[in-house]
Amino acid sequence: MLRKQRLWKKEVFLVRSRQNNLTEGPIWKSILLFAMPVLLGNIFQQFYNTFDSWCVGNFIGGDALAAVSSSGSLIHMLVGFFNGVAMGAGVIIARYFGAKDYEKLRLAIHTDVAFGLTAGVLLSVIGVTFSPTILRWMGTPAEVLPQSISYFRFYFCGAIFTVMYNIFVGILHALGDSRHPLYYLMISTMVNVVLDLLFVAGLKMGVGAAALATTISQGISALLCCIRLTKVEREYRLVFRNVGYHMESLKMIVRVGLPSGVQGSAIALANLVVQSNINSFGKDAMAGCGAYSKIEGFAFLPITCFTMALATFVSQNLGARKYDRVKKGVGFGICCCMILAECVGLCFYRFAPHLIAFFNDAPEVVEYGTMHMRTICLFYCLLAFSHCLAAILRGAGRSAVPMLTMLVCWCLIRVSYITVAVRVVNHLTTVSRAYPITWTCSGIVFLIYFLKVDWMHGFEKLEQKAKT
């Protein structure tokens with residue numbers, strides 16, 4: 001009887017592994033079945049981010065919306081670094097899962113969790129301590145500075161929940177499980193909406209309450225993901241007494257994840273420069289562009305779901321040494337992502353004034369937001385192309401290439417362009433054009449590298465370096 005139970009459990013494990021394994025079955029089906037739950041999950045996540053801004057803009061006012069908007073780039077800069085490292089860890093985990101190397105898989109998962117706990121505490125300290133200094137450096141107007149500081153500090157008090165949520169979701173995605181993160185995100189979205197209405201609209205607790213609602217909902221998502229990882233099959237189950245740093249795994253995670261982290265923070269830092277230029281046009285421009293930034297998140301939905309799918313697909317299949325399958329999969333994923341992103345851009349262009357007015361219907365705010373949106377949104381296909389190739393190279397262990405490309409194109413060129421161009425033509429559209437210009441530059445560089453270089457054998461070199 002006991003033997004039959006063990007055989008049954010082993011069979012269940014094998015069936016579930018095949019369901020999560022992107023190295024088998026039709027390529028289009030593998031990618032879409034992984035990407036669709038990610039897409040739906042991102043829709044829910046973007047919904048509750050948007051709902052925060054809607055509540056703030058409609059129940060507190062334009063100054064509060066400007067305060068939330070000015071905090072956004074700063075949050076992305078600090079969170080982006082640690083999330084980038086978590087993405088690198090997901091690539092390593094996906095590779096070991098595809099190669100069926102369960103001992104290294106277990107060590108990588110527990111090292112990743114240890115890193116996340118450390119990073120979450122560090123991020124809270126940095127965010128809470130230095131927020132006033134950085135917000136002043138960004139040129140945040142004096143009338144919205146106190147509310148910006150309040151929002152930022154409330155948000156980063158719970159930074160460990162944000163970091164651990166991204167760590168846990170990255171692990172689940174690397175294992176091919178995109179369904180359970182969707183379920184947990186649906187739950188946290190409902191919690192966030194209820195808390196926003198209670199704290200902001202009902203109790204009138206101010207702009208910091210919107211950040212508090214987000215922190216609580218992120219904590220619930222992180223807890224649910226954590227419980228899931230402690231209940232899965234023994235080959236990669238999370239056991240907290242085993243959480244710690246394994247040096248070889250840590251080296252691999254850092255070598256793949258550190259460039260992604262630097263890339264994310266550097267791009268966010270460049271966007272701080274963009275935000276500071278937007279701030280110079282006044283609080284109406286801040287509110288209008290801030291409303292667009294929330295809407296823009298929906299443009300990233302097809303991009304994010306396909307980049308996650310491609311990174312996991314490439315990493316698992318390279319681990320399984322299925323190189324022809326990798327080539328076919330990346331072509332399908334890139335085409336789907338670009339087409340969907342451009343469709344979203346066309347919809348945004350058509351309905352831009354109505355979308356901006358949803359957050360704040362002041363004529364000046366709508367005018368600035370519409371102008372900013374229509375300058376950018378028709379070029380979303382270029383954004384999708386760059387992100388897809390960056391994800392593919394990251395999945396292949398070549399994360400330094402996306403880092404260097406985006407540092408040059410999205411940081412150096414973007415900042416240089418704005419610094420010079422705004423002095424010549426002091427208009428908001430001058431700032432807005434920085435995005436399509438730099439997306440074009442990065443797309444050209446990525447395409448040349450992708451076609452000319454053997455990018456599929458990056459992991460072998462990384463593993464050799466990690467052992468030394």
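Our subject is the structure that appears above.
First, a word on scope: everything that follows refers to the structure included in this document. (Residues numbered from 1 in each chain as written. Predicted model: local features only at pLDDT ≥ 70, side-chain atom pairs only at ≥ 80, totals over all residues. Heavy atoms only, no water.)

### Concerning the side chain of R414
At step 1: For R414, the position within the fold is in helix α14 (residues 400-424).
At step 2: No salt bridge forms around the buried R414; measuring N to O, its nearest opposite-charge neighbour E296 is 8.3 Å away.
At step 3: A polar contact of 2.9 Å, which involves the side chain of R414, links it to the side chain of T438.
At step 4: If sequence neighbours within four positions are ignored, R414 has contacts with N271, V274, C409, A434, Y435, T438 and W439. (Helix = DSSP H or I, 4+ residues; strand = E, 2+ residues; numbered from the N terminus. Buried < 20%, exposed > 50% of the residue type's maximum accessible area, 1.4 Å probe, protein only. Lys, Arg positive; Asp, Glu negative; His and termini not counted. Salt bridge = Lys/Arg side-chain N within 4 Å of Asp/Glu carboxyl O. Polar contact = N/O pair within 3.5 Å; in protein donor to acceptor, adjacent residues only side chain to side chain. Contact = heavy atoms within 4.5 Å.)

### Here we look at the packing of aromatic side chains
The description of an aromatic ring pair rests on the distance of the ring centres and on the angle between the ring planes.
At step 1: Inspection of the entire model under this criterion finds five aromatic pairs.
At step 2: Aromatic side chains F348 and Y380 sit 6.0 Å apart centroid to centroid with 85° between the ring planes, which places their arrangement in the edge-to-face category. Residue F348 is located in helix α11 (residues 323-357), and its partner Y380 is located in helix α13 (residues 380-395); the two are separated by 32 residues in the primary sequence. In this pair, the class of F348 matches that of Y380, namely buried.
At step 3: Through successive ring pairs, a cluster of aromatic residues spans F348, Y380, Y435 and W439.
At step 4: The ring of F351 carries R350 above its face, with NZ or CZ at 5.0 Å from the centroid.
At step 5: The ring of Y349 is capped by R374, whose NZ or CZ atom sits 5.0 Å from the centre of that ring. (Phe/Tyr/Trp six-rings, centres within 6.5 Å; stacked < 30°, edge-to-face > 60°. Lys NZ or Arg CZ within 6 Å of the ring centre and 35° of its normal.)

### Notes on the nonpolar core
Nonpolar side chains in soluble globular proteins tend to end up buried together.
At step 1: Residues V314, F348, I356, M373, Y380, I392 and W455 are the most contacted members of the largest nonpolar core, which totals 71 residues.
At step 2: No other element matches helix α10 (residues 283-319), which puts 16 residues into this core.
At step 3: Setting aside its immediate chain neighbours within four residues, I356 contacts G288, A291, Y292, I295, V365, V366, G369, T370 and M373.
At step 4: If you look at the next biggest cluster of nonpolar residues, it comprises 59 residues, including C55, V85, V163 and Y236. (Core = buried A, V, L, I, M, F, W, Y, C linked by side-chain atoms within 4.5 Å.)

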